[in-house]
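Next come the chains, spelled out residue by residue.
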Amino acid sequence: MTPYARRGVHGQTVETLARRVLSGAIPEGATLDLPALQAELDVSLTALRESLKVLAAKGMVDARQKRGTFVRARADWNLLDADVLRWQFAGGTAAGADLAVLRNLGEVRGIIEPAAVRLAAVRRTEDDLTALDAALTAMSRQDGGPAHAVEADLAFHRALLAATHNELLERMEMVIESGLAHRDQIVHSSPHGEDPVPSHRAVLDAVRDQDQDAAERAMRALLDQAVRDLDLVHGADSPAEDAR
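The structure contained in this document is the topic of the report that follows. Predicted model only: the values in this text are computed from it and were never measured.

Moving on: the overall build of the chain. The number of helices and strands found in the chain is eleven helices and two strands. Counting over 244 residues, the chain shows a buried share of 45%. Taking the contacts inside the chain whose residues are at least 6 apart along the sequence as the reference set, 68% of them involve residues at least 24 apart. When the accessible surface of the chain is summed, it comes to about 12,100 Å², and 51% of that surface belongs to carbon and sulfur atoms.

This is the structure we're talking about:
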């Protein structure tokens with residue numbers, strides 16, 4: 001998905017407003033001063049309103065007669081939207097807030113991926129195994145740098161969800177991907193993370209063998225490692241079990 005910031009003035013305006021809302025710079029319940037925002041951002045009123053429609057579709061803002069456009073309560077925001085997740089990691093929140101969101105996503109992954117890998121183990125096709133093999137091979141490269149490592153990891157987890165052959169589970173990649181990408185950028189840019197290849201290979205081997213129990217165990221071990229890596233990088237002192 002192309003970030004809004006790469007979509008011209010409209011996209012940049014969406015990103016700017018979203019980050020201000022998510023960071024609390026524009027707090028919940030605040031009524032937006034559209035003329036002031038228009039002048040500050042140097043955009044037309046039409047462009048500003050179109051940008052706000054994007055945020056409205058994600059539950060972040062609304063408009064009412066006599067009140068104008070205002071920020072809705074966080075409970076109304078579509079926090080599982082891929083853009084909303086990405087915006088929270090794109091300079092709009094503090095490091096502590098980043099970590100809290102990553103821990104929440106870690107818990108979501110702990111619910112979804114062990115169950116998904118059980119399906120993948122019995123439903124995978126040869127094409128699925130080829131995609132997983134390719135991702136693991138890419139992950140094994142040592143000369144690609146952090147960006148390459150991030151993309152290889154994302155490709156592996158996308159391929160796993162695709163191997164379930166369940167349309168709804170496949171769409172969960174949009175939820176998992178934003179947090180996983182941000183977590184990977186942190187971990188793979190640090191010398192403290194463990195080598196991810198053995199844990200991913202264990203998952204792939206179990207899926208290849210169509211061993212559901214082994215696949216689930218391997219996935220849980222992989223997720224535990226992901227938590228340990230994040231704790232090492234952040235210097236967190238909470239046990240891994242707290243962030244599964």
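Once that is clear, we can look at unusual backbone geometry. Although it is not a glycine, Lys-66 sits at a positive phi angle of roughly 70°. Within the secondary structure, Lys-66 is located in the loop between strand 1 (61-64) and strand 2 (68-71). For His-165, which is not glycine, the phi dihedral falls at a positive 55°. Tracing the chain through its elements places His-165 in the loop between helix 7 (145-162) and helix 8 (167-171).

Taken as a whole and assessed by the stated rule, the structure comprises 17 salt bridges. Residues Arg-72 and Asp-76 are paired through a salt bridge, measuring 3.7 Å at the closest nitrogen-oxygen approach. The class of Arg-72 is partly exposed, set by a relative accessible area of 26%. Bridged by salt links that share partners, the residues Glu-15, Arg-19, Lys-58, Asp-81, Asp-83 and Arg-86 form one connected network.

Parameters at a glance
- Residues numbered from 1 in each chain as written.
- Predicted model: local features only at pLDDT ≥ 70, side-chain atom pairs only at ≥ 80, totals over all residues.
- Heavy atoms only, no water.
- Helix = DSSP H or I, 4+ residues; strand = E, 2+ residues; numbered from the N terminus.
- Buried < 20%, exposed > 50% of the residue type's maximum accessible area, 1.4 Å probe, protein only.
- Contact = heavy atoms within 4.5 Å.
- Areas by Shrake-Rupley, 256 points an atom, 1.4 Å probe, with all protein chains shown as cover.
- Salt bridge = Lys/Arg side-chain N within 4 Å of Asp/Glu carboxyl O.

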